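# Summary of structural features
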Amino acid sequence: MALVLHSWTPSKNVYKVLIAAEYSGVKVDLAPDFTMGVTNKSPEFLKLNPIGKVPVLETPDGAIFESNAITRYVARLKDSSLFGSSSIDYGHVEQWIDFSTLEIDIHISTMLAPRFGYGVNHAPAEEAANAALKRSLGALNSYLASNTFLVGHSVTLADIVLTCNLYYGFTYMLPKSFTSAFPHVERYFWTLVNQPNFKKIIGEVKQTDSVPPVKTPEEAAAAAKPKPEPKQEEKPKAAPAEEEAPKPKAKNPLDLLPPSTMILDEWKRLYSNTKTNFREVAIKGFWDMYDPEGYSLWFCDYKYNDENTVSFVTLNKVGGFLQRMDLARKYAFGKMLVIGSVAPYKVKGLWLFRGKEIPQFVLDECYDMELYEWKKVDISDEAQKERVNQMIEDQEPFEGEALLDAKCFK
Ligand SMILES: N[C@@H](CCC(=O)N[C@@H](CS)C(=O)NCC(=O)O)C(=O)O
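Model, not experiment: these values are computed from the prediction.

## Some remarks on the sheet that holds strand S4 (residues 62-65)
With mixed pairing, the 4 strands of this open sheet are ordered in space as S2-S1-S3-S4. Whereas interior strands pair on both sides, the edge strands pair on one side only; in this sheet they are strand S2 (28-30) and S4. Within the sheet, the average angular offset between the axes of one strand and its neighbour, ignoring direction, is 25°. Pairing of strand S1 (residues 3-6) with strand S3 (residues 56-59), which is carried by 3 bridges, proceeds in the antiparallel orientation. Bridge pairing in S3 links Leu5 to Leu57. Along the sheet, helix H3 (residues 67-77) makes contact with S1, S2, S3 and S4, crossing S4 at roughly 125°.

So this is what it looks like as structure tokens:
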């Protein structure tokens, strides 16, 4: 029997489970014909979860309730990297899961419930929840100032749980005017929801632009009635049926551009093989080959340089960006400079892309792109051309400062 998740959707508690399933490569099906307030009150359902709450996961070995427990179970079925790579990582993953649940989710839920018409609003309770949430987000903000993820250098279960909890806040109740006091939390949240495995389940996320009003007792009573079944299109997309024929892979639009006189691999070879007289050989060769009809050059500038307070964290951030650009290897070349001898370090780069614009699939697939300001190089401007040269050859000092590192994408 496959794993079957009983719940209404869209729900952050369901998202947690399905995102963990994506990371772990585990198949979880949503139970068909689930009606909130009806199905979960039935005697059969109460055998699965005696309190009649969702979600519940049915497995061949028995049912599991509580969304965090289900998420852990799914993650453990295959990919233990979601728990980190050591005992201390594991401890930290659990620590942040508890923090997310007890210090973030509980306060968001307290403030959100009366706005959804569940329970009665109680002003002092709301005030206390608001103050507690700000305290928790403040602490989280300090931690995230020098950490991209909660534990280690990649997504763990802690990030999945926290992001899903924050999701309700950002989507329904916390507009930019509230979250801007916590810029590192904002950056973290947008980074996570744009990871492909998150995006596949949650879809496009939009931050609310207002705080919804608390519902009156009449509205609350109406809202307490069983909810109609969510519309089909609101449900997270189920994995395609196994019998479905695989669709032919669409051609990358860049392959359909008119042929260019510039052969990217030739440039990459010239760059790699030039050991001496770099200016005379590689840089001159670059401009001899450069085809402005078939390629474009772009400067990028990291938007949050003041966050780059720890050298190895900054280097890891840039290294992660280059790894995620792997999907563009056939169509791009890049240089990323980490600048400065003391923190905060500046991150600036130069990219050569096939086509006259930054390829859309890169903007869609690589979430780092939005962490940088992008400016097209005007090659009729000699000063900009000289800046390109300096970036290609890792000139030091660069713009008056030492280089901490220079990384190349080729
Ligand atoms: N701690 C539980 C919370 C479950 C929960 O509150 N579920 C709500 C829907 S989001 C529910 O089933 N409510 C129905 C009820 O209270 O009867 C979890 O994380 O799974």
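## Here's the deal with helix H5 (residues 123-144)
End to end, H5 covers 31 Å across 22 residues, agreeing with the expected 32 Å (1.5 Å per residue, within 8%). By the burial criterion, the buried members of H5 are Glu126, Ala129, Leu133, Ser136, Leu137, Leu140, Asn141 and Leu144. Along the axis of H5, the buried residues cluster in a sector spanning 140°; they form a single face. Those residues of H5 that are exposed and aimed more than 90 degrees away from the buried face are Pro124, Glu127, Arg135 and Ser142. The elements touched by buried residues of H5 are helix H4 (87-112), helix H6 (157-173), helix H7 (176-179) and helix H8 (183-193).

## Describing helix H15 (residues 382-392)
Of all the residues in H15, the buried ones are Gln384, Arg387, Val388, Asn389, Gln390, Met391 and Ile392. Summarising the contacts, the buried residues of H15 are in contact with helix H11 (264-273), helix H12 (278-289), strand S5 (295-302), strand S6 (332-339), strand S7 (346-354) and strand S8 (372-376). Between the side-chain oxygen of the N-cap and the backbone nitrogen of Ala383 there are 2.9 Å, and the N-cap of H15 in question is Asp381. Taken from the residues just after H15, Asp394 is the one with a positive phi, measuring 50°.

## Describing unusual backbone geometry
At the junction of Val54 and Pro55, the peptide bond is cis and its omega measures out at 5° in the coordinates. Despite not being glycine, Asn277 shows a phi value in the positive range, around 50°. Mapped onto the elements of the fold, Asn277 is located in the loop between H11 and H12. For Glu399, which is not a glycine, the phi torsion comes out positive at approximately 45°. Here Glu399 shows up in the loop between H15 and strand S9 (403-409). Residue Glu399 is classed as partly exposed on the basis of its relative accessible area of 42%.

## Concerning the packing of H4 against H6
Two numbers describe how H4 lies on H6: the axes approach to 8 Å, and their chain directions differ by 15°. Relative to H6, H4 is oriented roughly parallel. The element H4 and its partner H6 pack so that their crossing is left-handed. Residues Val93, Trp96, Ile97, Ser100, Thr101, Ile104, Asp105, Ile108, Met111 and Leu112 of H4 lie in contact with H6, whose contacting residues are Leu157, Ala158, Val161, Leu162, Asn165, Leu166, Tyr168, Gly169, Tyr172 and Met173. Its residues assigned to classes, the contact of H4 with H6 shows 15 nonpolar, 4 polar and 1 charged.

Parameters and conventions
Residues numbered from 1 in each chain as written. Predicted model: local features only at pLDDT ≥ 70, side-chain atom pairs only at ≥ 80, totals over all residues. Heavy atoms only, no water. Pairing = 2+ DSSP bridges. Helix = DSSP H or I, 4+ residues; strand = E, 2+ residues; numbered from the N terminus. Axes fitted to C-alpha atoms, helices over the stretch in contact; angles between N-to-C directions. Contact = heavy atoms within 4.5 Å. Expected span 1.5 Å × (residues − 1). Buried < 20%, exposed > 50% of the residue type's maximum accessible area, 1.4 Å probe, protein only. Arc of directions from axis to C-beta. Polar contact = N/O pair within 3.5 Å; in protein donor to acceptor, adjacent residues only side chain to side chain. Parallel < 35°, antiparallel > 145°, perpendicular 65-115°, else oblique. Left-handed = near helix turned anticlockwise from the far one by under 90°. Nonpolar A, V, L, I, M, F, W, Y, C, P; charged D, E, K, R; others polar.

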